[in-house]
Amino acid sequence: FLDLGVVVPGTTTGVDVLNIVANNGICASLDAAGAPVTVKECSANAGTLKATADSATLANGKAVVEALPNGGINVPLGYSSLFVLTSGTGLVIEQVAASPKFTVGAPGLYTIHTLVYDADPKSPNFLDLGVVVPGTTTGVDVLNIVANNGICASLDAAGAPVTVYEDKCTAFSGGLYSMNPISCLYNGKTIISAKTNANPVVPINYKQLFVLTEAFSLKILAVSDVAEFEVGNAGFYRIHSLVYNPMTLDLSVVVPGQTTGFDVVNIIKKNNICASLDVYGAPNLVIGSKWFCYFFNRYSKNQNMAYKGSNSKYNNDGALNGILNKYDSYEAFKTDFINSNSQSNLFPNPVSNALSINMEVFDDEVVNYSIIDLSGRTVLRGLAKDLSLGTQKINANTLNSGMYLVKLESKYRSITKKIIVKK
């Protein structure tokens, strides 16, 4: 019996095993010569590069980006080196060359890399660059080929980044308006949209996106390829146009519900990026409850909030401008609108015996009344159930002469008026 439990990997040797066999007269056999394999560390090293300038500007549609070796490169015997130009944060391979100097014809973020590799097809470390498709293959793809096939090669993935700017920024977001800027939630949702009233300018390699924000804070809620969004909450919204180059403005930094339109504008200005955001956008009002939707549609004309809003056929959302300038929240607007348009009539005033109240109420509205003296004491209260029939009468015989406040309250609104009791 040969007890292999005594073998400690990394410590016990083949000679130790042979000695155990020999010293104990054990019948066993070890192929001592074995099959030798020498494992060598990959010595290929791309080193690092440093751009001669961090940025460049297009002139007559062209710009030169260049880098210099920064040390550390090692090209093993039989290996080759070349330089790779990638674009964007995805490191899409655009060009390869024998020197780290490239001419580009579009603005954006570019990176120059060094690649050290074995170009011999007969070598086990052969890296076939024929699989590289400019504009499609990325530096990450090359690294994966190297890693997955156990190839000895080295790519300076960090490289030397250079930002190329347009000679003159021509990007323009254009302008938007909403044909139907006021809508109500139906089954908990509605669609808001915008149309173009000033054409955008979208240069080559640029994109246009549409951004939905909360109207007051400009907090970004969603982005879309079309100027149409589904919303599920009451409030004021804006739809903006954004024209940008994905190679220079990285929208992955946008966190919905946190990042604002102001943040995006600051990024553009701080980094001298050519992009354009229609900050004002197309405002939209989404009304929540069915009751308030009915109330608003009935009384909106009292506050000059006709849907057309302005004389321009391209500016139907002009009706919301005054509201957005006056309020800082949907709730503040809703409360003020209800209070401003709640029509009630108390008569006679002064009153001696019976006080009559006329007020329009809605199907599910329950109104309570209370009469309060000048000391703040409630002297009468009750349910104004007869308002649904047209008039609620309150017996004022028990009230002393003087001034009182009559408060009418429901879950939708609160109205306070003064009366004088005169005996």
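The structure reproduced in this document is the subject of the present report. It should be emphasised that the depicted structure is a prediction, and the values quoted were computed from it without experimental measurement.

How each quantity is defined
- Throughout this document, residue positions are counted from 1 along each chain, in the order its sequence is written.
- The predicted origin of the model limits local features to residues at a pLDDT of at least 70 and limits the giving and counting of side-chain atom pairs to 80 or more, whereas totals for whole chains, interfaces and linings rest on all residues.
- Hydrogen atoms and water are omitted, and side-chain values are computed over all heavy atoms in the structure.
- Runs of E in the DSSP output that reach at least two residues are strands. Runs of H or I that reach at least four are helices, and both are numbered from the N terminus.
- We call a residue buried when its accessible area falls under 20% of the maximum for its residue type, exposed when it is over 50%, and partly exposed in between, using a 1.4 Å probe and counting protein chains only.
- By definition in these notes, contact holds between two residues if any of their heavy atoms fall within 4.5 Å.

### Overview of unusual backbone geometry
Consideration 1: That bond from phenylalanine 347 to proline 348 is cis: its omega, -10°, falls within 30 degrees of zero.
Consideration 2: Checked against the element boundaries, proline 348 lands in the loop between strand 22 (344-347) and strand 23 (354-359).
Consideration 3: Here asparagine 349 and proline 350 are connected by a cis peptide whose omega angle stands at 10°.
Consideration 4: Turning to its location among the elements, proline 350 is positioned in the loop between strand 22 and strand 23.
Consideration 5: We note that asparagine 205 has phi near 75°; this positive angle belongs to a residue other than glycine.
Consideration 6: Here asparagine 205 lies in the loop between strand 15 (195-198) and strand 16 (207-214).
Consideration 7: The partly exposed category is assigned to asparagine 205, whose relative accessible area is 43%.
Consideration 8: Despite not being glycine, asparagine 272 shows a phi value in the positive range, around 55°.

### Comments concerning the side chain of threonine 138
Consideration 1: Within the element layout of this structure, threonine 138 appears in the loop between strand 9 (108-117) and helix 2 (139-148).
Consideration 2: The exposure class of threonine 138 is buried, given its relative accessible area of 13%.
Consideration 3: Setting aside chain neighbours within four positions, we find threonine 138 in contact with Gly90, Leu91, Val92 and Ile93.

Everything listed here is a matter of coordinates, which is why it stays silent on function.
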